[in-house]
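# Breakdown of the fold
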Amino acid sequence: DHNDAEGISYYDLKTGEIQNFDSGKVGIISKGYIYYRCSNKFFRFDLSTFEYELMCEFEDTLDVTLFDAYDDSILYSTEYSLYAFNQNEHNLIFSTQDFLGNEGYRIDGIQCQDNRIFINIGSGAFYQCIMEIDIDGNVIEVIHDD
């Protein structure tokens, strides 16, 4: 597999054949799949069958900035909200506006590791908060808050 300026492709070392997929960039690898986003669509590439599939498509107005895989879900964020996509459903699980009470804070990072979800909330150089949440958006622990 390789990533270039034109998109994502699969190169078969045995046959020398190249299969080009929709444009996009390699995102994350989880449970035998490469997940990637292309414009307003999420795709996944099966590393055992070398086939890709469209997982979901968003409205053009939805600005997805970050994503990661958690269990059988894809977590993705807009500037202020975190969603879980699973079984063709999009569910809002966390909002910085609900948690902090105003629009000045955005989701700057998502990291899923060992069945745990970590998010980084920021407001420029003036505020950083790292917390662990569960898949329902409940705060488990605030790790750093300044």
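Remember, it's a predicted structure, so these values are computed and weren't measured experimentally.

### With respect to the sheet that holds strand β12 (residues 106-113)
Strand order in the open sheet formed by four strands is β12-β13-β14-β15, with antiparallel pairing between adjacent strands. At either margin of the open sheet sits one strand with a lone partner, and together these are β12 and β15 (139-145). The mean inter-strand angle of the sheet, taken between neighbouring strand axes irrespective of direction, is 20°. Both strand β13 (residues 116-122) and strand β14 (residues 128-133) contribute to a ladder of six bridges, which runs antiparallel. From the neighbouring strand, I121 faces β14, where its bridge partner is C129.

### A closer look at the nonpolar core
Membership of the largest hydrophobic core comes to 17 residues, with the highest contact counts inside it found for L75, L82, F94, I119 and I121. Going through the elements one at a time, β10 (81-86), β11 (89-95), β12, β13 and β14 are the ones with two or more residues in this core. Leaving out residues up to four positions away in the same chain, I121 has contacts with F94, T96, L100, Y105, R106, D108, Y127, Q128, C129 and M131. Core analysis: the next-biggest nonpolar cluster, separate from the first, contains 13 residues, I28, Y33, F58 and Y76 among them.

Reading guide: rules and limits
- Residues numbered from 1 in each chain as written.
- Predicted model: local features only at pLDDT ≥ 70, side-chain atom pairs only at ≥ 80, totals over all residues.
- Heavy atoms only, no water.
- Pairing = 2+ DSSP bridges.
- Helix = DSSP H or I, 4+ residues; strand = E, 2+ residues; numbered from the N terminus.
- Axes fitted to C-alpha atoms, helices over the stretch in contact; angles between N-to-C directions.
- Core = buried A, V, L, I, M, F, W, Y, C linked by side-chain atoms within 4.5 Å.
- Buried < 20%, exposed > 50% of the residue type's maximum accessible area, 1.4 Å probe, protein only.
- Contact = heavy atoms within 4.5 Å.

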